[in-house]
Amino acid sequence: MKTVLILANASTGVYDFRNELMLALLKKYKVVVSVPDELCIRELEAEGCEIIHTPLDRRGMNPKKDAGLFLSYGRLLKEVKPDLVLTYTIKPNIYGGFACRWQKIPYITTITGLGSAFQKNGLLKSMIIRMYRMGLRGAECVFFQNSQNRNIFRGYKITGKKDKLVSGSGVNLEVHHAEEYPVDETTRFLFVGRIMKEKGIEELLAAAKALHGENVSFELLGYCDDDYQELLDAYESQGIIIQHGFHTDVQPFLKQASALILPTYHEGMSNVLMEASASARPVIASNISGCKEIFEEGVTGFGCEPENAESLIQAIRKFLKLTVEERVQMGIAARRKMEKEFDRRLVTASYMEEIDRFLA
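These lines cover the structure that appears in this document, whether it is placed above or below. (Residues numbered from 1 in each chain as written. Predicted model: local features only at pLDDT ≥ 70, side-chain atom pairs only at ≥ 80, totals over all residues. Heavy atoms only, no water.)

### Considerations on empty space enclosed by the protein
One pass over the structure, following the stated rule, counts two cavities of 30 Å³ or more. In this structure, the largest cavity occupies an estimated 80 Å³ of space. Lining the largest cavity are F17, R18, E20, L21, Y88, Q145, G168, S169, R344, V347, T348 and Y351. Among the secondary structure elements, those contributing two or more residues to the lining of the largest cavity are helix 1 (11–26) and helix 13 (344–359). Grouping the constituent residues of the lining of the largest cavity by class yields five nonpolar, four polar and three charged. Taken as a whole, the second largest cavity holds about 40 Å³ of empty space. The wall of the second largest cavity is formed by R188, F189, L190, E219, F253, Q256 and A257. The greatest single-element share of the lining of the second largest cavity, amounting to three residues, is contributed by strand 8 (residues 187–192). (1 Å grid on protein atoms, 1.4 Å probe; cavity = no way out; pocket = protein on both sides within 12 Å on 5 of 7 lines; lining within 4 Å. Points joined across faces, edges and corners; volume = space filled by probe spheres on them. Helix = DSSP H or I, 4+ residues; strand = E, 2+ residues; numbered from the N terminus. Nonpolar A, V, L, I, M, F, W, Y, C, P; charged D, E, K, R; others polar.)

### Quick look at the side chain of Q251
The residue Q251 is located in helix 9 (residues 251–256) in this model. For Q251, a relative accessible area of 8% corresponds to the buried category. A distance of 3.1 Å separates a polar atom in the side chain of Q251 from a polar atom in the side chain of E179. Beyond its immediate sequence surroundings of up to four residues, Q251 is in contact with V175, H176, H177, E179 and S279. (Buried < 20%, exposed > 50% of the residue type's maximum accessible area, 1.4 Å probe, protein only. Polar contact = N/O pair within 3.5 Å; in protein donor to acceptor, adjacent residues only side chain to side chain. Contact = heavy atoms within 4.5 Å.)

### With respect to unusual backbone geometry
Non-glycine residue K157 carries a positive phi angle of around 60°. Along the chain, K157 falls in the loop between helix 6 (147–155) and strand 7 (163–165). The exposure class assigned to K157 is exposed, which follows from its relative accessible area of 66%. Positioned with a positive phi, A280 is a non-glycine residue whose angle comes to about 65°. Note that A280 resides in the loop between helix 10 (271–278) and strand 12 (283–286).

### Here's the deal with the packing of aromatic side chains
Taken as a whole, this structure holds nine aromatic pairs when the rule is applied. Ring centres 3.9 Å apart and planes at 15° place the aromatic pair F143 and Y351 in the stacked group. Separated by 208 residues along the polypeptide, F143 in strand 6 (residues 141–144) and Y351 in helix 13 bring together distant segments of the chain. For the pair shown, F143 and Y351 are each scored as buried. Ring pairing ties together the aromatic residues F70, Y95 and F98, which thus form one cluster. (Phe/Tyr/Trp six-rings, centres within 6.5 Å; stacked < 30°, edge-to-face > 60°.)

### Structural notes on a positive patch on the surface
On the surface, R101, R130, R133, R137 and K157 cluster together into a patch of positive charge. With respect to the helices and strands, the residue R137 is situated in the loop between helix 5 (123–136) and strand 6. The exposure class assigned to R137 is partly exposed, which follows from its relative accessible area of 46%. (Patch = residues over 30% accessible without salt bridge, like charges linked within 9 Å, V, L, I, M, F, W, Y side chains within 5 Å. Areas by Shrake-Rupley, 256 points an atom, 1.4 Å probe, with all protein chains shown as cover. Salt bridge = Lys/Arg side-chain N within 4 Å of Asp/Glu carboxyl O. Lys, Arg positive; Asp, Glu negative; His and termini not counted. Charge placed at Lys NZ, Arg CZ, Asp CG, Glu CD.)

### Thoughts on the sheet that holds strand 3 (residues 50–53)
Here seven strands make up an open sheet; going across it, the order is 3-2-1-4-5-6-7 and the pairing parallel. On the outer flanks of this sheet lie strand 3 and strand 7, each paired with one strand and no other. Each adjacent strand pair in this sheet contributes to an overall mean axis angle of 20°, direction not counted. Along the sheet, helix 5 makes contact with strand 5 (107–111) and strand 6, crossing strand 5 at roughly 145°. Taken strand by strand, helix 6 contacts strand 5, strand 6 and strand 7, and its axis lies near 160° from that of strand 7. (Pairing = 2+ DSSP bridges. Axes fitted to C-alpha atoms, helices over the stretch in contact; angles between N-to-C directions.)

Quick look at the structure:
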């Protein structure tokens, strides 16, 4: 039996967004998953995956730690001897790509987003571009989750042997089923994600403060990834926001929400927007690539300009003017769009086509 090795930066990302691919792989191949955490390893092991713990610093660039990651991947490749490697997210893509090229092991890469380094010009961006060029040069295929990311990489001549566009990670339409719309006097806006500047948390807090007292509720689901906890606690004590902390199951919160809100600065293809839309919930999100493909303005949600609190407030006010029936119809339209364009089975089939083509 041939072996497929997965290099990723979180077990939750593998299990929550790529588990259908893992199950499809397990029918034909031995699957080994390298992740730095233990949050979902029991679930993956129960399905038949072999798990190997590889320490990884998800944020920042520390030359010593990153060199250690490259060496760890090198040792891992010698130990596992995979026939094919799949890499996800920035550091596994770059350092996993380095290691695979060094040992002449075929690999397939997925670009899940550009990250903050591409938002500004400077030495860091130039360095990341050079590292990506070296890391992806030998990839059998590079999967992109939106066309803008693909065009940017092509523009910087960051290429593999071929590339392919998919609808993000897709969404599991059975897990995230259409929920009955809540009938509540309070309009509940739900934010799901890491609480950090690049997810638009500052704009979200500004909007929550501006609209406080208008029979609305702003609820945050996720762990604090930047230094905002003191401010969040102060806002919660004033009744401006509600903190739910981190939860692995978002569906109960989506069920209670009136709309999902995501004023993010950059995305590959937002999983949380797909999950909310599949749950028949309207969305309010940034008009950026990775979000705007998922919603239709005025039909399934409303867009706002990133890094612009006033634009976000205006989008929220548009939603607040809708009747309950108009919100229900918006949610139904969102669900239909997911069924037509973002079914995860279609994404899994695209990956399996490339994997089977190579391993056959």
